Structures are given as C-alpha cells and as structure tokens.
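# Per-entry structural report
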Amino acid sequence: MALLSLIDNRPAVAVFLDLEKAFELASAHVILAALVRKGIQERLISWIEDYLQHRRTRVRFQGLHSGYRELENGTPQGGILSPSLFNMLMDQLVSLPFREGTALLSYADDLVLVVTGRGNKVASAQQALDLVSEKCRELGLKISAEKSRAMMFKAASPGRPTPHTRPEVDRSHPMLGAPGWASSCVMQSETCLVPLASRFQQIVACRVAKVLHQDRESVGRVELCRVLPQRRDLFTGKTWLSKVAEAASPLPHFDHLRREGPDRPATDYVAPPPWQPPTAEIIIRDLPASKALCTQGELLQHALMVVAHANVGSCAVYYTDGSVDTERGATGAAVVTGGETLSWRTPDHCSTLQTELLAIKHALEHALQHREGPIVLQTDSRSSLQVLQQWRPPADNVRLIITILGLTQSIAAQGRHVKLNWGPSYVGLCGNEAADAAARAATSKPAVTSKVVPSLQ
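Now for a quick tour of the structure. (Residues numbered from 1 in each chain as written. Predicted model: local features only at pLDDT ≥ 70, side-chain atom pairs only at ≥ 80, totals over all residues. Heavy atoms only, no water.)

The next subject is the overall build of the chain. On a plain count of helices and strands, the chain comes out with 16 helices and 14 strands. Counting over 457 residues, the chain shows a buried share of 39%. Pairs at least 24 apart in sequence give 72% of the contacts found in the chain among residues at least 6 apart. Working note: accessible area of the chain is about 27,200 Å², and carbon and sulfur atoms make up 56% of it. (Helix = DSSP H or I, 4+ residues; strand = E, 2+ residues; numbered from the N terminus. Buried < 20%, exposed > 50% of the residue type's maximum accessible area, 1.4 Å probe, protein only. Contact = heavy atoms within 4.5 Å. Areas by Shrake-Rupley, 256 points an atom, 1.4 Å probe, with all protein chains shown as cover.)

Turning our attention to the packing of aromatic side chains. If you walk through the whole model with that rule in mind, you get 0 aromatic pairs. Across the ring face of Tyr68, the terminal group of Arg56 is positioned such that the distance to the ring centre comes to 3.9 Å. (Phe/Tyr/Trp six-rings, centres within 6.5 Å; stacked < 30°, edge-to-face > 60°. Lys NZ or Arg CZ within 6 Å of the ring centre and 35° of its normal.)

Along its 19 residues, helix α6 (residues 121-139) runs 27 Å from first to last C-alpha, staying within 8% of the 27 Å computed at 1.5 Å per residue. Residues Lys121, Ala125, Ala128, Leu129, Val132, Lys135, Cys136 and Leu139 constitute the buried set of α6. All buried residues of α6 project into a common sector of 130° when viewed along the axis, lining one side. Opposite the buried face of α6, by more than 90 degrees, sit the exposed residues Arg137 and Glu138. Where the residues of α6 are buried, they touch β1 (12-18), α3 (28-37), α5 (82-94), β6 (102-107) and β7 (110-115). Two to three positions downstream of the cap, the backbone nitrogen of Val122 sits 3.2 Å from a side-chain oxygen, assigning the N-cap of α6 to Asn120. Note on α6: the residue one or two positions beyond its end, Gly140, has a positive phi of about 85°. (Expected span 1.5 Å × (residues − 1). Arc of directions from axis to C-beta. Polar contact = N/O pair within 3.5 Å; in protein donor to acceptor, adjacent residues only side chain to side chain.)

To continue, consider the pattern of salt bridges. Applying the stated criterion across every chain yields a total of 9 salt bridges. Between Lys142 and Glu20 there is a salt bridge, with its nearest N and O atoms 3.9 Å apart. You can see Lys142 sitting in the loop between α6 and β8 (149-153) and its partner Glu20 sitting in the loop between β1 and α2 (22-25), a full 122 residues away along the chain. A salt bridge links Asp91 to Lys38, with the shortest nitrogen-to-oxygen separation between them at 3.5 Å. In this pair, Asp91 is assigned in helix α5 and Lys38 in the loop between α3 and α4 (42-52), connecting sequence segments 53 residues apart. On the accessibility criterion, Asp91 (37% relative accessible area) is partly exposed. (Salt bridge = Lys/Arg side-chain N within 4 Å of Asp/Glu carboxyl O.)

If you look at the biggest cluster of nonpolar residues, it comprises 45 residues, and the most contacted ones within it are Tyr318, Tyr319, Leu357, Leu364, Leu377, Leu388 and Leu420. For this core, the secondary-structure elements that each account for two or more residues are α12 (296-310), β10 (316-324), β11 (331-337), α13 (352-370), β13 (375-379), α14 (382-389), α15 (398-413) and β14 (418-422). With residues near it in sequence (within four places) discarded, Leu357 still touches Ser384, Leu388, Leu400, Ile401 and Ile404. Listed in part, the 35 residues of the second largest apolar core include Leu89, Leu111, Val115 and Leu141. (Core = buried A, V, L, I, M, F, W, Y, C linked by side-chain atoms within 4.5 Å.)

Here Ser381 shows up in the loop between β13 and α14. Of the residues examined, Ser381 reaches a relative accessible area of 7% and is grouped as buried. A distance of 2.6 Å separates the side chain of Ser381 from the side chain of Ser384, its partner in a polar contact. Not counting the four nearest positions on each side in its chain, Ser381 is found in contact with Glu356 and Trp422.

Our focus in this paragraph is the environment of Gln296. Examined against the element boundaries, Gln296 turns out to sit in helix α12. Looking at Gln296, the relative accessible area reads 45%, which means it is partly exposed. A sequence separation of 130 residues divides Gln296 from Tyr426, and the C-alpha atoms of the two residues are 9.0 Å apart. Those residues in contact with Gln296, other than ones at most four positions away along the chain, are Tyr426, Val427 and Gly428.

Here the focus is the sheet that holds strand β9 (residues 281-283). Sheet architecture is open: 6 strands sit in the order β9-β14-β13-β10-β11-β12, paired in mixed fashion. Because the sheet does not close on itself, it has two edges, and the strands there are β9 and β12 (340-346). For this sheet, the mean inter-axis angle between neighbouring strands, taken without regard to orientation, is 20°. Inspection of the sheet shows β11 paired to β12 by 7 bridges, in the antiparallel sense. Of the residues in β12, the one forming a bridge with Thr331 is Thr346. Contacting β10, β13 and β14, α12 crosses the sheet at an angle of about 175° to β14. Sheet contacts for α13: β10, β11, β12, β13 and β14; angle to β10, the most-contacted strand, approximately 150°. (Pairing = 2+ DSSP bridges. Axes fitted to C-alpha atoms, helices over the stretch in contact; angles between N-to-C directions.)

Next up, the structure:
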C-alpha cells in the first residue's frame, strides 16, 4: 500500500532490493553504535552487547549433536529484540539524503527504491542505488544483484475508474498475475499445494504423536491418553478435543503409540558410569579428502585398509546395511556374515538411520547366540556409529539405541571384544555390496518381520 500511495498513478521506477542473509550478517558493532547515537544509556548498551555477542550454535539431527560454533554477526533468530535491533540498520538506509522524488521503503529486510517526478528516472534510480549500496557496505550488508529486480510503472490511462466508481472483481481468479483460465483449484493442483485444512490436521497429528511419544510425563500427555480412546460424540462443547481426535485418528501409528506408550529404554539396562571405557570400540577413519573428491579406486583402497586394520585374528565379521525405497516407502535391514545372509522387512515409517541401527542390533543378537571370540561389525552408516558414541542419553530412537548398547555389554561380559567399524559405501567392497543387495531385497517382503518404535524427530 505504501508503494502504491507513493506512485499515485504516476510514471515511476521501482527497484526491489534483496539483502543476502540480512539477519545473519547484521553487525553487532554497527547496531550498538546506532543505539548510542539514539541516546541509549551505558547499562542497557552493555546488556544488548552481551545479548548480541559470543553466541554459540550447534546442529541436532536424529539424536546427534554437532560441536558448538560461535556466531560472529547477526541477530538471534526468533528473538523478541531482534526485529527492533535490525531496524537500527534499516533506519540508516531509509534516512539517506536522496534527491527529491526518490524514497526508500523498508519492511523487515525487504527494500524498495522508488523514483518518481520529471527527468531521467532510470539515471536517478541508479544514483540512489549507488548511494544505498555504499551505505550497505558500511553496515556490513550485501545486496544480491541476482535476486534484485527493477520495474517501470506507467501512468494510468485516462479511462481508469474514478474514486466514485467501484471496479468489478472477478473472484474466480484470486491469484495475482494468474491468467484468466487459472482458477484457484487448477493452480493448487498444478503447484501441489496442500489445502490449509489438511495442513492444520497434519500439524496437530504430528504434535499429538510427539506428546504421546515423549518419555517425560506431562498434563497434556495424561489428558490425551485419557480422552482419545473415548467416543467422539462425548466431546460436546470441547472443540479442542474433537479437533485433536479428528486429526489423530488417521495417524498411521496412532494405535501403536497409544498402546506401546513412550519410547523408553529397556528396564534391565544399567548405564555404566562415565569413567568406565565403552563396551564397544567404535572406529571411524576419515577419508583422505571429501568423498566427492576421491576416485573410486581411492575409496576402495581406503575401505580395504579399514577392514584390514579391524579384522585381527580369528574374529567373526559382520556386514550390516539398511535400505529405504523412497518410491514405495518400504524399508529393510540385512546382515551378512560368513556364508550366511539374514534380512528383515522393517516398518514403512523407518528412517535410513533406524534401518541401519536395526541391522547392527540384529548382528549383535546373532553374534551373542551363535558366535565366539571377538566380533567386528562393518557398516557404511557413519551417523549410526556417531549416535552410539554419544555420552548423553539419546533423545530419539531411545529403545533401539539402548538395546544395542545393552547387547555390547552382554558380549563384553563374556570377555569378548566388539568393534564397530565404518567404511565408505558403494565402493565395491564385497561384504558391503552383499548386505546392501539383501537389504534392498528385504523391502519387497510382504510382512514386517522386525518392529521399531516410530521416530518423530
């Protein structure tokens, strides 16, 4: 509306500017200097300086946490103060000394440079753009030339509706710029947009599943477990219960979650004290370079070296792998040891991490019952081994991870050594290729033969 009011049916040039990673690149020093110029006192400045500087972040993925990285610039995402602090930078851009007929409009990190009036408006827009670019460099911001666009506005024709004439609106085409044949239904179908009601139902169902899945007892979980098994016609006057029940009923694993309860570890597992060494030796040898930069021969040579270092003496060697068919949604896990191939059809909801962990679990179970002496498990799932290396209690796949750790404890109690060894995938290593083929074949089995609690991360 501000743009249209500024143009007011006159010829104009508008330049829509895109700032690259505006909130991430915002300089804390520039923001603090702007606050000082506005008269903010010393103690409040110190608080805001502490709020902006020496912030750390890390990535959490399927129960695995990366190391902390310190953020040099930027305002905290989702912070209450962040929009106001960022506007300190935008205020300096908007208040630049432009020529008459030139203005810069700002909303969050979106900028529009508008030039009206007489004369060469393109040249005036370029001069103003140079001024904005120079100021952005001072503030630590960067304009993306690839994503910025310029638009020429012409004066309205004399036959345009007067303020007293109400133009007719074709409500069958509510999308701006859509051709006449494109109704909202056609556009929704072509763009594969999910209806808002369905999206709302999906979000509610996901939230219900997470509440039922969590290990921590809460009022919400107790209330949901009490009311969800009831008949829907008993929810008279309780709109939120009826909406939750309606959203949760089509959830594929709703009955399983309600019946099995939260994802808790096995009751017979006792976590070892932190000063004790782990019961399994986890070996992850880095590649000489990133996998994309290594040749197939280098990857195979590295895999053979890793296997040779791990397979010492008369040890029982297991190759494990998991597979997820993205087209059918089917999943499977497999283990190859000696001349024996074992495979399991896993539930469709399994992630790749879960199928890999299931294969490791079944290999350890087989080794506990049918093998003697040391054990070496070869896997191409680096994330599985990193999850098992975590010293903190797992937040997801709790029962599965704790079961694996319990199996390594049981094997170690027999005086046997367990190695979990990582090697790169798809490099031509016979054991890995055989396990991969068996896991893919297991996805075609008609019935599930190995169950796991759904992951909701």
